[in-house]
Amino acid sequence: MLDASDTIIACSTPPGRGALSVIRLSGESSIKIAEKLLGRALNKKVNLVKLPLWDGYKEKCVLTIFNSPNSYTGENLIEISCHGNPLIVRKIIDKFLQSRVRMANPGEFTLRSYMANKMSLEESEAVIQVINANSDSALIAAQNTLNGGLRKKIKNIQKKLRETRVVVETLIDFTDEDADVYLGDVKEKIEFFKEEYKKFGKLMESSKSISDDIRVVLAGPPNVGKSTLINALTNENVSIVSEIPGTTRDVVKSSYIAEGIRFVLEDTAGLRKSSDKIEEKGIKLAKKAIKSADIVIYLGLTKKDFEDMPILKGKPCIKVLNKMDLKGYKDSKGFTRISAKTGKNLSLLKSLIVSSFLNFDLSEVVAVNARHLSFVKQGSKAINAISPSLISSNLELVAENLKECDALLGNIYDPISADDLLGKIFNTFCIGK
Ligand SMILES: Nc1nc2c(ncn2[C@@H]2O[C@H](COP(=O)(O)OP(=O)(O)OP(=O)(O)O)[C@@H](O)[C@H]2O)c(=O)[nH]1
Ligand SMILES: [Mg+2]
């Protein structure tokens, strides 16, 4: 995977027919190899050539030359634009494969860019997020990370962490009496840093959700209007509505975009004790969806529907009372009241969903993936383990925890263990990128 000495080739545009396909050829010898195949020099930046593919057939294509180091990979690179026909693409690639060129692995062009120090690791990862972005905000986030925004945020929190650590390390060298005097200041400084880290962690979590689609799971007892709500919020008739409790069994998905963020709603089976085998399976799926949701909209008709819900513990949740249009409807504090049927308060509900994630300026959002978030969370554990009593009893351990968090965060843009990690990251790319 990490051998960057040879010349690689792959089609960089999606498979299928179109006006054009673009094939990339990268490696120090790429230009020489192409010149040999063509029997002519490639002196210009853009060259119109006739590439012999088999006896009697030459493909007219445009070869754009990017000389090292001013190319995507940092190596000599050629982009071959040909007619968008999979047969022609295959023939061109086959031609080069006969000339000391090999097929590129998934993400290998971007890996080479990383290896040539043209991009840092998290910037390389953002490339795939640019490709996969489904909404304006996901695209903004990916571009921000691509422009170094994530690293800037991490370095900023590391700077604050190190300032805190300096204070702790200094106190370790004090005599016991002097240390007692400053202990209060240190406790205050650490509390302040903990708060800063909490804010940073929240921004990272929201950024992770926004970088993907936000998964909003609609849950609650049967017959409360979950399916009516998914249809109303997404303006599509995706889920069956009926007055019979236990109608929905499978998880039904539909999406909408608000404030540039894509929300994927999941309608689920009503939660109740059931002896019906199929319904039971549906309830299992519902519970699974709730557990992995970014946010749950829990729907009920009365306050009683919200009692005893251990599954929602620690989950961001909006509690909603539906069917406010009905006669005899009872209002309750702490709940959002709607009517999925008449549409009353649905725009309010939509803005509540957005504000659960967008509690900061959208331009602040950076693309965060599961790997980044896992280091942020591990760092959070190390920071939260610093209690006031630990500060009083063991400053060395406090300093150690701060150091551990610092190292964990550093892994995001400067990983310690190289090859297997890089292999895993770049394997998630498409071939040709
Ligand atoms: N009056 C009134 N009726 C509603 C409202 N929302 C849903 N209903 C009705 O309530 C019944 C159940 O609606 P569904 O959307 O199927 O309920 P559900 O929660 O998906 O039910 P299950 O799939 O069985 O869990 C249907 O007859 C709907 O027309 C509302 O806001 N007001
Ligand atoms: Mg339903």
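Asks: Where do I start with the overall build of the protein chain in this structure?
Replies: Each helix and strand in the protein chain was counted, giving 14 helices and 12 strands. For 433 residues, the compact-globule estimate of 2.2 N^0.38 gives 22 Å, and the protein chain exceeds it by more than 25% at 28 Å. Considered along the principal axes of its C-alpha atoms, the protein chain spans approximately 85 × 75 × 40 Å. Burial analysis of the protein chain (433 residues in total) assigns 36% to the buried set.

Asks: What am I meant to see in the pairing of strand 9 (residues 261–267) here?
Replies: With 5 of 7 residues buried, strand 9 lies mostly within the body of the structure. Pairing geometry for strand 7 (residues 214–219) and strand 9, over 5 bridges, is parallel. Note that in strand 9 the partner of Ile-214 across the bridge is Phe-263. Note that strand 8 (residues 252–258) and strand 9 share 7 bridges and pair antiparallel. Bridging from a neighbouring strand, Ser-254 pairs with Leu-265 of strand 9. Between strand 8 and strand 9, which pair antiparallel and follow one another directly, the connecting turn spans 2 residues, one of which, Glu-259, has a positive phi of 50 degrees.

Asks: Can you walk me through the nonpolar core in this structure?
Replies: As a rule of thumb, soluble globular proteins bury nonpolar side chains together. One finds Ala-141, Val-216, Val-217, Leu-218 and Ala-219 to be the most contacted residues of the largest nonpolar core, which totals 72 residues. When sequence neighbours within four positions are dropped, the list of residues in contact with Val-216 reads Phe-263, Val-264, Leu-265, Ala-293, Asp-294, Ile-295, Ile-297 and Ile-353. In this structure, Ile-9, Tyr-72, Ile-78 and Ile-92 belong to the second largest nonpolar core, which totals 23 residues.

Asks: Would you mind showing me how to read the domain arrangement of the protein chain here?
Replies: Interface extent is often summarised as the accessible area lost during association of the parts. As far as domains go, the protein chain holds domain 1 (7–120), domain 2 (132–210 + 369–413) and domain 3 (214–362). Distance between the C-alpha centres of domain 1 and domain 3: 50 Å.

Asks: In this structure, what is going on with the packing of helix 6 (residues 149–172) against helix 13 (residues 395–413)? I would like to understand it.
Replies: Angle between the axes and distance between the axes are the two parameters that describe a pair of packed helices. Orientation of helix 6 relative to helix 13, taken along the N-to-C sense of each, is 160 degrees, at an axis distance of 9 Å. Judged by the inter-axis angle, helix 6 sits roughly antiparallel to helix 13. Note that helix 6 runs across helix 13; the crossing there is left-handed. Along its contact with helix 6, which presents Arg-151, Ile-154, Ile-157, Gln-158, Leu-161, Arg-162, Thr-164, Arg-165, Val-168, Glu-169, Leu-171 and Ile-172, the element helix 13 presents Leu-395, Glu-396, Val-398, Ala-399, Leu-402, Lys-403, Cys-405, Asp-406, Leu-409, Ile-412 and Tyr-413.

Asks: Help me understand the sheet that holds strand 2 (residues 18–26), please; the structure alone is not making it clear to me.
Replies: Neighbouring strands of a sheet are bound in pairs by backbone hydrogen bonds; such pairs are parallel or else antiparallel. Spatially, 6 strands are ordered 3-4-5-2-1-6 in an open sheet, and the strand pairing comes out mixed. At either margin of the open sheet sits one strand with a lone partner, and together these are strand 3 (46–54) and strand 6 (101–103). Neighbour-to-neighbour, the strand axes of the sheet open up by a mean angle of 30 degrees, direction not taken into account. Of the strand pairs in this sheet, strand 2 and strand 5 (residues 77–84) are connected by 8 bridges, and their pairing is antiparallel.

Asks: Help me out: how do you make sense of the site of ligand 1 in this one?
Replies: Close to ligand 1 lie 23 residues, the nearest being Gly-225, Ser-227, Thr-248, Gly-270 and Lys-341. Of the residues belonging to the shell around ligand 1, the class tally is 7 nonpolar, 11 polar and 5 charged.

Asks: For this particular structure, what's the right way to read the packing of helix 4 (residues 121–132) against helix 5 (residues 136–146)?
Replies: Interhelical geometry of helix 4 versus helix 5 gives an angle of 155 degrees and a closest axis separation of 8 Å. Here helix 5 runs roughly antiparallel to helix 4, going by the angle between their axes. Crossing of helix 4 over helix 5 shows left-handed handedness. The segment helix 4 lies against helix 5, with Glu-122, Glu-123, Ala-126, Val-127, Gln-129 and Val-130 engaging Ala-138, Leu-139, Ala-142, Gln-143, Thr-145 and Leu-146. Partitioning the contact of helix 4 with helix 5 into residue classes produces 7 nonpolar, 3 polar and 2 charged.

Asks: Sorry if this is basic, but what is going on with helix 5 here?
Replies: What sets the pattern is the α-helix's 3.6 residues per turn: residues three or four places apart point alike. Here helix 5 lies mainly inside the structure; 8 of its 11 residues are buried. For helix 5, the complete set of buried residues consists of Ser-137, Ala-138, Ile-140, Ala-141, Ala-142, Asn-144, Thr-145 and Leu-146. Downstream of helix 5 by a residue or two, Gly-148 has a phi angle that is positive, lying close to 90 degrees.

Asks: Before we go on, may I ask you to explain the sheet that holds strand 11 (residues 317–321) in this structure?
Replies: The 6 strands are arranged 8-9-7-10-11-12 in an open sheet whose pairing can be described as mixed. What marks the edges here is a single partner per strand, and that holds for strand 8 and strand 12 (336–337). Two elements, strand 10 (residues 295–300) and strand 11, share 5 bridges in a ladder whose sense is parallel. When the bridges of strand 11 are listed, Val-296 appears paired with Cys-317.

Asks: When you look at the environment of Ser-209 in this model, what are you seeing that I'm missing?
Replies: Tracing the backbone shows Ser-209 in helix 7 (residues 176–211). Since 21 C-beta atoms lie within 10 Å of it, Ser-209 is described here as buried. Put simply, Ser-209 and Phe-263 are 54 residues apart on the chain and 9.7 Å apart in space, counted from C-alpha to C-alpha. Among all residues touching Ser-209, those that are not within four sequence positions of it are Ile-214, Asp-294 and Phe-357.

Reading the values: the criteria
- Residues numbered from 1 in each chain as written.
- Chains lettered and ligands numbered in written order.
- Predicted model: local features only at pLDDT ≥ 70, side-chain atom pairs only at ≥ 80, totals over all residues.
- Helix = DSSP H or I, 4+ residues; strand = E, 2+ residues; numbered from the N terminus.
- Rg over C-alpha atoms; globule rule 2.2 N^0.38 Å.
- Buried ≥ 20, exposed ≤ 12 C-beta atoms within 10 Å, placed from the backbone.
- Pairing = 2+ DSSP bridges.
- Core = buried A, V, L, I, M, F, W, Y, C linked by C-beta atoms within 7 Å.
- Contact = placed C-beta atoms within 7 Å.
- Domains from an automatic or database assignment.
- Axes fitted to C-alpha atoms, helices over the stretch in contact; angles between N-to-C directions.
- Parallel < 35°, antiparallel > 145°, perpendicular 65-115°, else oblique.
- Left-handed = near helix turned anticlockwise from the far one by under 90°.
- Near = placed C-beta within 6 Å.
- Nonpolar A, V, L, I, M, F, W, Y, C, P; charged D, E, K, R; others polar.

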